[in-house]
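Listed below are the residues making up each chain.
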Amino acid sequence: MATQSEEYDLFIIGGGINGCGIARDATGRGLRVALAEQGDLAQATSSASTKLFHGGLRYLEYFEFRLVREALEERETLLVAMPHISWPMRFVLPWHAEMRFESDTPTSRLLSRVMPWMKGRRPSWLIRLGLFIYDTLGGRKILPATRTLDLARDPAGVPLQKRFRHAYEYSDCWVEDAKLVSLNARDAAERGARVMTQTRVTSAERVDGLWQVTTDGAEGRQTFRARALVNAGGPWVEDVIRNVARINSTEGVRLVRGSHIVTKKLYDHDRCYFFQGIDGRIIFAIPYEQDFTLIGTTDKDHAGAPKDAVCTDEERDYLLAFASQYFDRPVKRDDVVWTYSGVRPLYNDGAKSATAATRDYVLSLDTAGGAPLLNVFGGKITTYRRLAESALERLQPFFPQAKAPWTARAPLPGGNFPHDGVGTLVADLRSRHAFLSEAWARRLVRAYGAEAATLLAGAASAADLGRDFGATLTEAEVRWLMKHEFARRAEDVVWRRTKLGLRLSKEQIAALDAFMTGAGAAAGHVSPAAHDERIKSWQQG
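I will try to describe carefully the structure that is included in this document. Predicted model only: the values in this text are computed from it and were never measured. Starting from 1, residues in each chain are numbered consecutively following that chain's sequence as written. A pLDDT threshold of at least 70 governs which residues receive local features in this predicted model, and a stricter bar of 80 or more applies before side-chain atom pairs are shown or counted, although totals over entire chains, interfaces and linings include all residues. Only hydrogens and water are removed before side-chain values are computed, so all heavy atoms of the structure are retained for them.

1. Side note on the pattern of salt bridges
The condition that has to hold: Each reported salt bridge corresponds to a side-chain nitrogen of Lys or Arg within 4 Å of a carboxyl oxygen of Asp or Glu. We count a stretch as a helix when DSSP gives it H or I for four or more residues in a row; a strand needs E for two or more, and each element gets its number in order from the N terminus. Throughout, exposure labels follow a simple rule: accessible area from a 1.4 Å probe, protein chains only, divided by the maximum for the residue type, with under 20% read as buried, over 50% as exposed, and the rest as partly exposed.
In total, this model carries 48 salt bridges according to the counting rule given. Between Glu190 and Arg186 there is a salt bridge, with its nearest N and O atoms 2.8 Å apart. Residue Glu190 and its partner Arg186 are both found in helix α5 (residues 177-190); the two are separated by four residues, about one turn of the helix. Of the charged contacts, one joins Asp513 and Arg489 as a salt bridge, the two residues approaching to 2.6 Å between their closest N and O atoms. Of this pair, Asp513 sits in helix α14 (residues 506-523) while Arg489 sits in the loop between α12 (475-484) and α13 (490-497), placing them 24 residues apart in sequence. Residue Arg489 is classed as partly exposed on the basis of its relative accessible area of 41%. Through salt bridges with shared partners, a single ionic network connects Arg66, Glu70, Glu73, Glu74, Arg385, Arg386 and Glu389.

2. Points about the environment of Phe322
Definition in use: In this description, contact between two residues means that some pair of their heavy atoms is separated by no more than 4.5 Å.
Here Phe322 shows up in helix α7 (residues 313-324). On the basis of relative accessible area, Phe322 is assigned to the buried category, the value being 3%. Not counting residues within four places of it along the chain, the set of residues in contact with Phe322 comprises Phe275, Gln276, Gly277, Asp279, Arg281, Ile282 and Ile283.

3. Focus: the packing of aromatic side chains
What counts is decided by this rule: Classification of ring pairs uses Phe, Tyr and Trp, with its six-membered ring standing for Trp, and accepts pairs whose centres are within 6.5 Å; under 30 degrees between planes counts as stacked, over 60 as edge-to-face, and the remaining range as tilted. Throughout this description, the term charge over a ring refers to an Arg CZ or Lys NZ atom that lies within 6 Å of the ring centre and within 35 degrees of the ring normal.
Here the structure, examined in full by the defined rule, presents 24 aromatic pairs. Look at Phe469 and Phe515: their rings are 5.2 Å apart centre to centre, the planes differ by 55°, and that puts the pair in the tilted class. With Phe469 in strand β19 (residues 468-470) and Phe515 in helix α14, the pair connects residues that are 46 residues apart, well separated along the chain. Comparing Phe469 with Phe515 shows no difference in burial state: the two are buried. Against the face of Tyr8 rests Arg32, its NZ or CZ located 4.7 Å from the ring centre. In this structure, Arg66 packs its charged tip against the face of Tyr361, placed 5.8 Å from the ring centre.

4. Let's talk about the nonpolar core
Just so we agree on the cut-off: Buried Ala, Val, Leu, Ile, Met, Phe, Trp, Tyr and Cys residues that are joined via side-chain atoms within 4.5 Å together make up what is termed a nonpolar core.
Counting 55 residues, the largest nonpolar core has Tyr273, Phe275 and Phe327 as its most contacted members. Ranked by the residues each element gives to this core, the list is headed by strand β13 (residues 282-288), at six residues. Discounting chain neighbours no more than four positions away, the residues touching Phe275 are Pro94, Leu160, Arg281, Ile282, Ile283, Ala285, Phe322, Ala323, Tyr326 and Phe327. Formed by 46 residues, the second largest nonpolar core is a distinct cluster that contains Ile85, Leu183, Val195 and Phe399.

5. Side note on the pairing of strand β9 (residues 210-217)
Every other side chain in a regular strand lies on the same face of the sheet, so the side chains alternate between the two faces. Heads up, the condition is: Strands pair, by our definition, only if DSSP identifies at least two bridges between them.
Pairing analysis gives seven bridges linking strand β8 (residues 200-207) to β9, with the strands arranged antiparallel. Looking at the pairing, Arg200 lines up with Asp216 of β9. Where β8 hands over to β9, the hairpin turn is made up of two residues, of which Asp208 adopts a positive phi near 55°.

Spelled out as structure tokens, the structure:
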């Protein structure tokens, strides 16, 4: 058990993107930070997103200009800081005359009053105006601007039904969402934070002007003290307030389930689609892991426990039918290879529908009992860094010694190379390690960036990387993830640190899990001495 004298400035509950982002920022400002996550990092909402850094084009219809502007500004800030796990993508938005608004958006209500003859249809000039605002609102410098496409001539029109003749193409960015979380946690830990996974916070109470926090995890029951408590519990934020901190509060979350399907590859080019339904909703179709297409998301109020969120048959069929309104070849159940679902913990603002509920974050500070409690509601993955800065700004009066904001464009581990430098890294990696295929090398660079060379240091053949678990996953990579990115079980590796679960069999995943549980117990999640010596030799040479 930790002694009562083990004291931190911040104790953070929750190892999703908000908790890990706050931990990284606070540690870099010189604060002592501890973070506890009841499962794996990004095990819930933060690994179940549509995996985009985007401004949220549809939020303009709700006049969420501050949210959209902040997100648009962040796209390029984050792109520079993590070019290995985030990259630009072009989105094709087909237009047709029957496009309609959802009936309850501010824009639809305004248009129905000013232009009632439109009867809810979405005119092309309004879409173009929205894209002009989208292009200019965030101070775009790296990403290319919107352009108009003739779908009869452009390759983007090939997989679509022939009734779609025109489209707009605009820019947003992809991000490996779960990897973003583990790299923030790693950077926080390397700067001095204590990051504890598989550790549940069982109670938190104010004692003698400090928070006394009790945890239950792999190291048994422990007690910590902290000057401030941050509740970044995501879907469990309300439960933490009421059942862990035992505070009466009228604030709560609206749990909204977003489900996705992954299908066999539906088209050959590398652009995404933004599809607008006749019901006013939107979905994306995105190239995924080279051989698949990602389609999502839904917006459904979720009544059960957050951990029980799954893509229902109804949601799957809805997404299939929606995509089939656009693709020339209907998308069928047999095309689906995987589904996933996550629960968004949106601030309960009383909106009529899940789609209309605000995606903006709300930071609520409770100081009634002395030591501050900061509750984090909502938020988008795109604005996680700004949310962390805002959280530290709210807590600044309690920590006047904290340093200034520093995370803007500060690279995450492996991200210290130019935003357009992936191709160079891939070529360099293959020149050093001739046994790597193009696809294998690119996967490693996309996962580890400049550190891929360190992971492979001194390897003259695939055999030098140890056991082969399948789909290019080797012992050296698994041990790296256990040592540096808090991976403990096979699912942490194949569904969050990578997406190799799409390519590995159940038997291969079971063998990996057996290895990890055995190796973790034997090696304490540290790479073997021989591997460390090989890395050291490469760095010196």
